[in-house]
Amino acid sequence: MGLGCEAPEILSLLIQRWTLKQPVQRICISFLNRPYILHCALNMETVDMTSVSLKRPHCEDGEANLDEIKRQKISEEASKTVDGSDLKIDTVAEKSKKLLPEDTKDEIIPNEEGEEQEDEELEETDDDGDPESFADMMKHGLTECDVGITKFVSSHKGFSGILKERYSDFVVHEIGKDGHVSHLDDFTVPVDNEDPSEEVFTVLSDEDKQRLEELQLFKNKETSVAIEVIEDTKEKRTVIHQAVKSLFPGLETKTEDRDGKKYIVAYHAAGKKALANPRKHSWPKSRGNYCHFVLYKENKDTMDAINVLSKFLRVKPNIFSYMGTKDKRAITVQEIAVLRITAQRLAHLNKCLMNFKLGNFSYKSHPLKLGELQGNHFTVVLRNITGTDEQVQQAMQSLKEIGFINYYGMQRFGTTAVPTYQIGRAILQNNWNEVMDLILKPRPGAEKGYLVKCREEWARTKDPSAALKKLPVKRCVEGQLLRGLSKYGMKNIISAFAIIPRNNRLMYIHSYQSYVWNNTVSKRIEEYGLKAVPGDLVLKGATAVHIEEADVEDYTIHDVVMPLPGFDVIYPKHKIGDAYKEMLTADNLDINNMRHRIRDYSLSGAYRKIIIRPQNVNWEVVAYDDPKIPLFNTDLDKLEEKPLPVLPKEGKFRALKMEFSLPPSTYATMAIREVLKMDTSIKNQTQLNTTWLR
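Residues numbered from 1 in each chain as written. Predicted model: local features only at pLDDT ≥ 70, side-chain atom pairs only at ≥ 80, totals over all residues. Heavy atoms only, no water.

Enquirer: Help me understand the side chain of E298, please; the structure alone is not making it clear to me.
Expert: One can find E298 in strand β10 (residues 290–298). Although E298 lies buried, it forms no salt bridge, and the closest oppositely charged side chain, K642, sits 7.6 Å away as judged by the N-O distance. In this structure the side chain of E298 is engaged in a polar contact, spanning 2.8 Å, whose partner is the side chain of Y296. In contact with E298, other than residues within four places in its own chain, are Y167, A330, I331, N355 and L636. (Helix = DSSP H or I, 4+ residues; strand = E, 2+ residues; numbered from the N terminus. Buried < 20%, exposed > 50% of the residue type's maximum accessible area, 1.4 Å probe, protein only. Lys, Arg positive; Asp, Glu negative; His and termini not counted. Salt bridge = Lys/Arg side-chain N within 4 Å of Asp/Glu carboxyl O. Polar contact = N/O pair within 3.5 Å; in protein donor to acceptor, adjacent residues only side chain to side chain. Contact = heavy atoms within 4.5 Å.)

Enquirer: Explain the packing of helix α16 (residues 502–528) against helix α17 (residues 575–586) here, please?
Expert: Think of two packed helices as two axes; the pair is described by the angle between the axes and how far apart they sit. Axis separation between α16 and α17 bottoms out at 10 Å; the angle between their running directions is 145°. By crossing handedness, the relation of α16 to α17 is classed as right-handed. Within the contact between the two elements, α16 uses Y512, Y515, V516, W517, N519, T520, K523, R524, E527 and Y528 and α17 uses K575, I576, A579, Y580, M583 and L584. Here the residues of the contact of α16 with α17 are counted per class, giving 10 nonpolar, 2 polar and 4 charged. (Axes fitted to C-alpha atoms, helices over the stretch in contact; angles between N-to-C directions. Left-handed = near helix turned anticlockwise from the far one by under 90°. Nonpolar A, V, L, I, M, F, W, Y, C, P; charged D, E, K, R; others polar.)

Enquirer: Please clarify how the pattern of salt bridges should be interpreted in this entry.
Expert: Pairing of side chains with opposite charge becomes possible as their charged atoms draw close. What the rule picks out here adds up to 21 salt bridges. R673 is the salt-bridge partner of E144, the closest N and O atoms lying 3.0 Å from each other. Taken as a pair, E144 in the loop between α3 (131–138) and β4 (151–152) and R673 in helix α19 (residues 668–676) lie far apart in primary sequence, 529 residues in all. For the pair shown, E144 and R673 are each scored as buried. With a closest N to O distance of 3.3 Å, R502 and D600 form a salt bridge. With a gap of 98 residues between them, R502 in helix α16 and D600 in the loop between α17 and β19 (606–609) connect regions that are remote in the sequence. Classification of R502 by relative accessible area gives partly exposed; the value is 42%. Each of the salt bridges in this network shares a partner with another, and the network as a whole consists of K254, E256 and R258.

Enquirer: Can you help me understand the environment of Y508 in this one?
Expert: Tracing the backbone shows Y508 in helix α16. Y508 sits 85 residues away from I423 along the chain, and the two C-alpha atoms are 5.9 Å apart.

Enquirer: So what exactly am I meant to see when it comes to the confidence of the model for the protein here?
Expert: Residues shown with low pLDDT carry predicted positions that ought not to be read at fine detail. On average, the protein scores 78 in pLDDT, and the residues at 70 or more come to 74%. Segment residues 1–46 is flagged for pLDDT under 50; beyond a separation of four residues in sequence, or across chains, it makes 215 contacts in the model. Predicted confidence for residues 688–694 stays below pLDDT 50, and this span has 23 contacts to residues more than four positions away or in other chains. (pLDDT = per-residue confidence, 0-100.)

Enquirer: I'm lost on unusual backbone geometry in this one. Help?
Expert: Trans is the prevailing form of peptide bonds, just as negative phi is the prevailing case for residues other than glycine. Here the phi dihedral of N299 falls at roughly 55°; this positive angle occurs in a residue that is not glycine. If you trace the backbone, N299 turns up in the loop between β10 and α7 (302–313). The exposure class of N299 is partly exposed, given its relative accessible area of 26%. Despite not being glycine, R340 shows a phi value in the positive range, around 50°. By secondary structure assignment, the location of R340 is in the loop between β12 (331–339) and α8 (343–348). Under the relative-accessibility criterion, R340 is labelled buried at 19%.

Enquirer: Explain the packing of aromatic side chains to me, please; I cannot follow it from the model alone.
Expert: Tallying each qualifying case throughout the model produces 14 aromatic pairs. Residues Y512 and Y515 carry aromatic rings whose centres are separated by 6.4 Å and whose planes lie at 40° to one another, so their mutual orientation is tilted. Residue Y512 and its partner Y515 are located together in helix α16, separated by 3 residues, close to a single helical turn. On the accessibility criterion, Y512 (0% relative accessible area) is buried. Ring geometry for Y624 against F653: centres 5.3 Å apart, planes inclined by 35°, an arrangement best described as tilted. Pair noted here: Y624 is in strand β21 (residues 615–624) and F653 is in strand β22 (residues 653–662), with a separation of 29 residues, a long-range link. Relative accessible area serves as the criterion here: at 1%, Y624 is assigned to the buried category. Through a chain of ring-to-ring contacts, the aromatic side chains of F413, Y421, Y512 and Y515 assemble into a single cluster. Between R383 and the ring centre of Y624, over which it is positioned, the NZ or CZ distance is 5.3 Å. The aromatic ring of W517 is capped on one face by R608, whose charged end is 5.3 Å from the ring centroid. (Phe/Tyr/Trp six-rings, centres within 6.5 Å; stacked < 30°, edge-to-face > 60°. Lys NZ or Arg CZ within 6 Å of the ring centre and 35° of its normal.)

Enquirer: Can you walk me through a negative patch on the surface in this structure?
Expert: Among the surface-exposed residues, E548, D551, E553 and D554 lie close enough to one another that they form a single negatively charged patch. With respect to the element layout, E553 can be found in the loop between β17 (543–546) and β18 (560–564). (Patch = residues over 30% accessible without salt bridge, like charges linked within 9 Å, V, L, I, M, F, W, Y side chains within 5 Å. Areas by Shrake-Rupley, 256 points an atom, 1.4 Å probe, with all protein chains shown as cover. Charge placed at Lys NZ, Arg CZ, Asp CG, Glu CD.)

Enquirer: Sorry, what's going on with the sheet that holds β19 here?
Expert: Sheet strands pair via backbone hydrogen bonds, and the direction of the pair is either parallel or antiparallel. Pairing is antiparallel across the open sheet formed by 4 strands, whose spatial order is β17-β16-β18-β19. Whereas interior strands pair on both sides, the edge strands pair on one side only; in this sheet they are β17 and β19. Going across the sheet, the axis of each strand differs from the next one's by a mean of 55°, ignoring polarity. α16 contacts β18 and β19 of the sheet and is inclined by roughly 145° relative to β18. (Pairing = 2+ DSSP bridges.)

Below, the structure written as structure tokens:
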């Protein structure tokens, strides 16, 4: 679930080059703590609760036939410009994100380029700072209409607000499968007599730690490291043994006499596999193998947090497990489990890590699994709102009672020349040359300089090795594909593509499923409105069944589901069932044969509710004078006993503070869209604001 309408990292780097001014009518979106201004007037339809047949939305082309527009765009874009990147729209300075499979995704997902890309600067080629060149860079992106997001369910008038002016304006608490909401409220460490003393964290010198780390990671040719015991006592030797074994998993120790002096010698006992598999005999049998803890993080995404923790603990990241990934530009609280790392060691990290806090420790016998959660609870502040109290009341009451259309948000599709769903479509068509071209071919729009040079080299030489040399970091999708082409050759694109991590590859075909779903759901709302009709689908247990004429009064729109296309789903028995078939046929796909000759790319399909009604919805409008002060206390504030912010009864600004809970795989972006009545696409935002960048 993503919240907000901010740009990805590449856009946020560009936007620092201009000073933005605020007009009277606007929606303000915060980029790097600077407000970015948006018009709020959208020419999109609102669906009446009693309507059965609705007019088509007026999108940017102004034509009545939306289907024809989409078909033309598909054919034009497929032959024109391409983009293999999965850029994240809805957090500031955010990095590229992987999209997990439908059944595991709950939150904005991990960075496809890895942690090494986080601090890299955009290579700028335009020194003029011309605002029109900025808009020109973004004109090749998508609008909501392009991915089927065209309807609203509420009738209130939209208003302006600032999303994430401060990252602390967006707080996420994970909801476990038992309904428990994760909170950081306890720093105590479980008492365990088998834990080593605190001295293990200080007994080794920095030089010793450096040598041991190099030995542990096989970074030098040494087969062992000897540490002299300066004050030779049995107790001192025991502490050093414990320090090496606990701080450097994979190493064993022994005591040796050398020239009348005692040395603790560290060495590898089980080769390179030892690092990934902590020693079994070093963990008490009475203790659960996994230490579960609550991770409180600020302005960091989940995968980056895991990488930081693993680096400080000197372990592989894959010994950590979690139920879902969380936004970067936010304060998030979630449960993490780690294999055979003591709570004592984890708690020690609180002394040396910034923007992280670990607590609520416990030992359990099982790890955590992706998707095993009920959802997330959000606390969101929209600052400097322009809506009247009556508008806010109408908007929030509608969100609480009716909900919002469960669209896949813009971050699902990328932001520049060719969206991720086009690559997914080519995969399903078994058109591997097009897959390769879409990912590697030059394209217009904003991109990092080194990627531009890589694409130019590829277009000029079609030499994967030469193009790969243009990339300072090889872990991006383009780098991985080029590495695969170098290894397997241009005639084996399937094997080359398979080098890309599985979740990244599946991201593309899930993006195509999402594209089809968004478009057909908009058609469903347009055709039949917000009520259940005969031929709709509902779930009975895990099985989808059609609503019969005699039973239609037993169901509401909140019961209705629609399928993501696949070989193991059924389709509605009305016009929308035909719309699915027509859409896939236009894309040269057979709706009755969604199995792919490569098993990974066979789509079984799934069902998704078309309207989501958030739970635990609460809101209040508060006044404030200082844009920099927090408007509520976080878990950490409460632990540190910080007083609640004192707010004036009447201030310069007004803010809407809202709370709500959403299930997994639901985009909070779309809930906020329904409240503010705004287009969340980067393309729409930059086109509306070109003149304000002057």
